[in-house]
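# Fold and contact review
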Amino acid sequence: MADKPINFLLVDDLEENLLALEALLQREGLTCLKARSGEEALELLLAHEVALALLDVQMPGMDGFELAEFMRGSERARHIPIIFVTAGTTDLQRRFRGYEAGAVDFIQKPIEPTVLRSKANVFFDLHRQRQQIQAQRDELEAAAQALRRADRHKDSFLAVLAHELRNPVAALSGGLHLLNKDISPERSQDIRVRMDRMLTHLSHLVDDLLDVSRVSQGKISLKKERIELGEILRSAIEASQHNLDAAGHRFVFEPPRQAIWLDADHTRLAQVVANLLNNAAKYTPPGGAVTLSARAHDGVAEIRVTDTGIGIPPEMQSRIFEIFAQVEDHLAKAQGGLGIGLALVKQLVALHGGAITVESGGENMGSTFTVRIPVVAEE
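A brief look at the structure comes next. Here the structure is a predicted model, which is why all the values come from computation and not from measurement. (Residues numbered from 1 in each chain as written. Predicted model: local features only at pLDDT ≥ 70, side-chain atom pairs only at ≥ 80, totals over all residues. Heavy atoms only, no water.)

### A short note on the side chain of Glu 228
Convention followed: Secondary structure elements follow DSSP: runs of H or I no shorter than four residues count as helices, runs of E no shorter than two count as strands, and numbering proceeds from the N terminus. For the purposes of these results, a polar contact is taken to be a pair of N or O atoms within 3.5 Å, where, inside protein, one atom must be able to donate a hydrogen and its partner to accept one; residues adjacent in sequence count only when each atom of the pair is a side-chain atom. Working rule for contacts: check all heavy atoms of both residues, and any pair within 4.5 Å makes them a contact.
Note that Glu 228 resides in strand E6 (residues 225-228). At 2.9 Å, the side chain of Glu 228 forms a polar contact with the backbone nitrogen of Gly 230. Only 3.2 Å separates the side chain of Glu 228 from the backbone nitrogen of Ile 260, close enough to count as a polar contact. Discounting residues that sit within four places of it in the chain, Glu 228 has contacts with Arg 234, Ala 259, Ile 260 and Trp 261.

Here's what the structure looks like:
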């Protein structure tokens with residue numbers, strides 16, 4: 001980020017003196033503010049942050065000493081260094097009044113350019129250092145807030161993880177206990193089907209956790225090939241069809257009108273779309289609608305998953321792809337899951353050189369997730 005310009009203030013009732021001082025001090029990165037009176041100077045100080053003020057001592061109306069005293073009485077201007085510029089001799093009493101008003105130095109006219117530049121540059125450099133320290137402090141505070149937020153999300157995530165793991169483990173334990181009893185073959189088969197479903201759920205949880213960890217550590221390498229987008233979408237639909245059917249959703253598939261070719265990892269990109277479809281099914285009340293569509297536009301393939309579900313609050317939409325981020329009100333409405341699917345989706349899309357965005361009108365207004373992946377030219 002480029003450094004902000006540094007402002008310095010020149011106050012003199014004679015225009016030629018202002019122009020001469022400006023010519024002596026002006027350089028790249030500096031902005032000169034000029035005032036012909038004390039009142040005009042105070043107006044500038046209300047509107048601008050100033051690194052140094054050079055005040056002419058003798059001015060009609062409010063003189064330099066009075067202006068300095070006003071500055072010292074202002075919370076905004078009291079810390080601005082002041083150099084008095086005077087054409088006459090300054091006795092000890094006048095110097096004492098100037099220093100008492102907050103002056104850091106006096107310069108006699110005619111001004112020695114080298115001396116003025118040297119003194120002024122000290123305060124410009126100090127101001128630049130303060131700007132940099134403030135920027136670093138702001139960055140550290142932002143990082144600290146992000147860490148605190150991540151820590152809270154992590155705690156929530158671990159609580160959800162414990163819950164998600166406890167349920168299928170308890171179901172498996174109960175199933176094994178029942179299988180050891182004398183039960184009918186039909187009942188035994190039903191229990192095995194339920195246990196198989198729980199094992200599949202556990203496997204998906206562990207796979208998601210491992211995938212997020214591998215991507216974060218750079219351990220996933222895509223196996224890219226030239227592939228048609230329609231194949232990927234059909235694989236994703238097949239993988240998520242049971243979730244869509246289980247909730248009784250109306251599923252609409254709007255395939256691209258022509259072949260769209262990508263340089264992509266079929267498995268991982270199908271995983272991206274399937275995760276979005278599963279998420280839509282999870283957060284859409286039974287009987288809702290989920291739509292999958294795709295098109296090519298300006299060299300980019302756009303894949304959209306739209307649902308009529310519970311929506312995403314505006315304040316959450318910018319953080320929905322964070323690894324530990326969850327919408328608390330959604331936890332009770334979701335049909336299980338860790339809430340890490342979107343973080344994984346974002347990472348996999350990024351590995352393909354693409355991006356993902358979300359749009360939602362808010363609570364109960366549904367959501368639309370859009371994945372954009374570069375296309376490759378047809379051979």
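### Some thoughts on the pattern of salt bridges
Using the following cut-off: Take a side-chain nitrogen of Lys or Arg and a carboxyl oxygen of Asp or Glu: if they are within 4 Å of each other, that pair is a salt bridge. Partly exposed residues are those whose accessible area sits between 20% and 50% of the maximum for their type, while under 20% is buried and over 50% is exposed, using a 1.4 Å probe and protein chains only.
Taken as a whole and judged by the stated rule, the model has 10 salt bridges. Between Arg 78 and Glu 75 there is a salt bridge, with its nearest N and O atoms 3.7 Å apart. Here Arg 78 falls in the partly exposed class, since its relative accessible area comes to 35%. For Glu 141, the salt bridge goes to Arg 148, with nearest N and O atoms at 3.2 Å. Here Glu 141 falls in the partly exposed class, since its relative accessible area comes to 38%. When salt bridges that share partners are traced, they join Arg 295, Glu 302, Arg 304 and Arg 372 into one network.

### A closer look at the sheet that holds strand E10 (residues 300-307)
As a general point, the strands of a sheet are linked pairwise by backbone hydrogen bonds and lie either parallel or antiparallel. This is how the line gets drawn: Paired strands, in this sense, are two strands between which DSSP finds at least two bridges. Working convention: axes come from line fits to C-alpha atoms, limited for helices to the stretch in contact. Angles between N-to-C directions cover 0 to 180 degrees.
If you trace the five strands from one edge of the open sheet to the other, you get E7-E9-E10-E12-E11, paired in mixed fashion. Edge strands, defined here as strands with exactly one partner in the open sheet, are strand E7 (250-254) and strand E11 (355-359). Taken pair by pair, the neighbouring strands of this sheet meet at an average axis angle of 15°, ignoring direction.

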